[in-house]
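Summary of the model geometry
In case you want the letters, here they are:
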Amino acid sequence: MAGDWIKMRSNLATSPKVVRIASALKADRLRVIGGLHAVWCLFDAHSDDGTLVGYSPVVLDDLIGWPGFSAAMIAVEWMLEDGENLVVPRFDDHNGASAKRRAQDADRKKSVRNMSAPASASGADKKRTREEKRREEEKNPPTPPADAEGQKSGRRKREKITFSAFLDQCQAAGESAIPKNDPIFTFANDTGIPKDYLHLAWREFSARHRADGRMQKDWRAHFRDAVRRNWFKLWWFPDTGSCDLTTAGVQLARERDAERVREQAEVE
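Residues numbered from 1 in each chain as written. Predicted model: local features only at pLDDT ≥ 70, side-chain atom pairs only at ≥ 80, totals over all residues. Heavy atoms only, no water.

**Describing the overall build of the protein**
The condition that has to hold: In this text, helices come from DSSP runs of H or I with a minimum length of four residues, and strands from runs of E with a minimum of two, each type numbered from the N-terminal end. Whether a residue is buried, partly exposed or exposed follows from its accessible area with a 1.4 Å probe, protein chains only, as a fraction of its type maximum: under 20%, in between, or over 50%, in that order. Whether two residues are in contact is decided by their heavy atoms, any of which lying within 4.5 Å being enough. Calculation of accessible area relied on Shrake-Rupley with a 1.4 Å probe; when residues are assessed, cover is drawn exclusively from the protein chains displayed.
Looking only at helices and strands, the protein features 12 helices and 7 strands. Residues counted as buried form 31% of the 268 residues belonging to the protein. Look at the contacts in the protein between residues 6 or more apart in sequence, and 64% of them connect residues 24 or more apart. Within the structure as shown, the protein displays about 17,600 Å² of accessible surface, and the carbon and sulfur contribution to it stands at 51%.

**With respect to the nonpolar core**
Side chains of nonpolar character tend, in soluble globular proteins, to be buried together. This is how the line gets drawn: Grouping buried Ala, Val, Leu, Ile, Met, Phe, Trp, Tyr and Cys residues that are joined through side-chain atoms within 4.5 Å yields what is termed a nonpolar core.
Counting 26 residues, the largest nonpolar core has F166, I193, F205, V227, L234 and W235 as its most contacted members. Of all elements in the fold, only helix 8 (163-173), helix 9 (183-191), helix 10 (195-209), helix 11 (219-228) and helix 12 (247-267) reach the threshold of two or more residues within this core. Element by element, the count of residues in this core is highest for helix 10, at 5 residues. Not counting chain neighbours up to four residues away, the residues in contact with L234 comprise L200, A201, D244, L245, T246, A248, G249 and L252. Formed by 25 residues, the second largest nonpolar core is a distinct cluster that contains I21, I33, V39 and L86.

**Description of the packing of helix 10 against helix 12**
Our working definition: Here the axes come from fitting lines to C-alpha atoms, over the contacting stretch only for helices, and the angles between their N-to-C directions go from 0 to 180 degrees. Throughout, the term roughly parallel applies to angles under 35 degrees, roughly antiparallel to angles over 145, roughly perpendicular to angles from 65 to 115, and oblique to all others. Charged means Asp, Glu, Lys or Arg here, nonpolar means Ala, Val, Leu, Ile, Met, Phe, Trp, Tyr, Cys or Pro, and polar covers whatever is left, Gly included.
The contact between helix 10 and helix 12 brings their axes to 10 Å, and the two run at 85 degrees. Classified by the angle between their axes, helix 10 and helix 12 sit roughly perpendicular to one another. Across the interface between the two elements, D196, L200, R203 and E204 from helix 10 touch G249, L252, A253, E255, R256 and E259 from helix 12. For the contact of helix 10 with helix 12, the class distribution of residues is 3 nonpolar, 1 polar and 6 charged.

**Some remarks on the packing of helix 9 against helix 11**
Viewed as axis vectors pointing N to C, helix 9 and helix 11 meet at an angle of 10 degrees, and their least axial separation amounts to 10 Å. Judged by the inter-axis angle, helix 9 sits roughly parallel to helix 11. Contacts between helix 9 and helix 11 involve P183, I184 and F187 from the first element and R224, V227 and R228 from the second. In terms of residue class, the contact of helix 9 with helix 11 is built from 4 nonpolar, no polar and 2 charged.

**Examining the packing of aromatic side chains**
How two aromatic rings sit relative to each other is set out by the distance from centre to centre and by the angle between their planes. Rule in force here: The rule is short: rings of Phe, Tyr and Trp, with Trp giving its six-membered ring, pair when the centres are within 6.5 Å, and they are stacked under 30 degrees, edge-to-face over 60, tilted in between. For a ring to carry a charge above it, either NZ of a lysine or CZ of an arginine must fall within 6 Å of the ring centroid while also lying within 35 degrees of the normal to the ring plane.
Scanning all chains against the criterion turns up 11 aromatic pairs. Between W66 and F69, the aromatic rings sit 4.8 Å apart at their centres with planes inclined by 25 degrees, giving stacked as the arrangement. Between the aromatic rings of W202 and F205, the centroid separation amounts to 5.7 Å while the plane-to-plane angle is 20 degrees, which identifies the pairing as stacked. Of this pair, W202 and F205 are both found in helix 10, 3 residues apart, which corresponds to roughly one turn of the helix. Among the aromatic residues, those joined into a ring-pair cluster are F163, F166, W202, F205, W219 and F223. Between R31 and the ring centre of W66, over which it is positioned, the NZ or CZ distance is 3.8 Å. One cation-aromatic arrangement involves K195 over F185; the distance from NZ or CZ to the ring centre is 5.6 Å.

**Some thoughts on the confidence of the model for the protein**
Rules: The predictor attaches a confidence to each residue, and that confidence, scored 0 to 100, is pLDDT.
Averaged over all residues, the pLDDT of the protein is 81; the fraction at 70 or higher stands at 75%. Here residues 146-153 is modelled with pLDDT under 50, and outside its nearest four sequence neighbours on either side it reaches 8 contacts, counting other chains as well.

**A word on helix 1 (residues 16-25)**
The line we're drawing: For this quantity, the arc is that covered by the directions from the helix axis to the C-beta atoms.
Among all positions in helix 1, only V18, I21 and A22 are buried. In an axial view of helix 1, the angular spread of the buried residues amounts to 100 degrees, which keeps them on one side of the axis. Residues P16, S23 and A24 are exposed on helix 1 and point more than 90 degrees away from its buried face. Where helix 1 is buried, its residues contact helix 2 (29-46) and helix 4 (69-75). Where helix 1 ends, the next residue or the one after it, K26, has phi of about 55 degrees, a positive value.

**Focus on the sheet that holds strand 3 (residues 85-87)**
Heads up, the condition is: Here, a strand pair is defined by DSSP locating no fewer than two bridges between the strands.
Taken in spatial order, the 3 strands make up an open sheet running 1-3-2, and their pairing is antiparallel. The outermost strands of the open sheet, each flanked by one partner alone, are strand 1 (51-53) and strand 2 (80-82). Taken over all neighbouring pairs, the strand axes of this sheet differ in orientation by 25 degrees on average, direction set aside. Here strand 2 pairs with strand 3 via 3 bridges, running antiparallel. Within the sheet, the bridge partner assigned to L80 lies in strand 3 and is V87.

**Focus on the environment of T191**
Selection rule: Within 3.5 Å is the distance limit for a polar contact, defined as a pair of N or O atoms, with the added protein rule that one can donate a hydrogen and the other accept it, and that residues adjacent in sequence qualify only through two side-chain atoms.
Among the structural elements, T191 can be located in helix 9. Owing to a relative accessible area of 33%, T191 belongs among the partly exposed residues under this scheme. Linking T191 and S242, residues 51 residues apart in sequence, is a C-alpha distance of 9.5 Å. A polar contact is formed between the side chain of T191 and the backbone oxygen of F187, at a distance of 2.8 Å.

This is the structure in structure tokens:
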């Protein structure tokens, strides 16, 4: 939902991943590029973060008219299947509003530089000097001044990390992975989702992400999305209005309870 254009590399036709998809589907590489364009346009039109909620490979194949194409993309890790959702890794690096804004800014700056290019050789030398200085500053940005408490001013850019690394950071800082004042508890209270169901959602969320290697800047926000969208389909709201567990939720609760019984038996 970030505009009517997307970014695609000019050397995409020679990408090893394109070759692998073409081999798997016994298709021409140019047709593969067309399929990729159709898929990425679909994500760009209907996703802000690279996630299509409720989409399956079969549904996506039907939309672009190419059976098996989603599986081929998943095989080369250009797409992931997360529960009942499809995800494009590193979506913000290539598409989305922020990526397009960066590309447009780069084009605009290039146009400005071309229009203001000096006519004389000495002017060109000065321009090159300025450009060299700018590149040097980008490589080695100046250190922000320290505030009264000796801390550097300015916000630190948050880097993407794995779920396991996030848990390690929380433990090192003495923090809960989901603190008691997290907005998700307010959401659950407002919508009538029992706190125990949140614990089940966190159990399933942790089990799926501990070893999958996915990277996120904010795992707490990612968990909030999982709860708000009920990614794991653990609960539902019948006509009575109360929130009840689904079959998947009941199964997960029984698994949790059985583990607790075994743990208690070991202690005794």
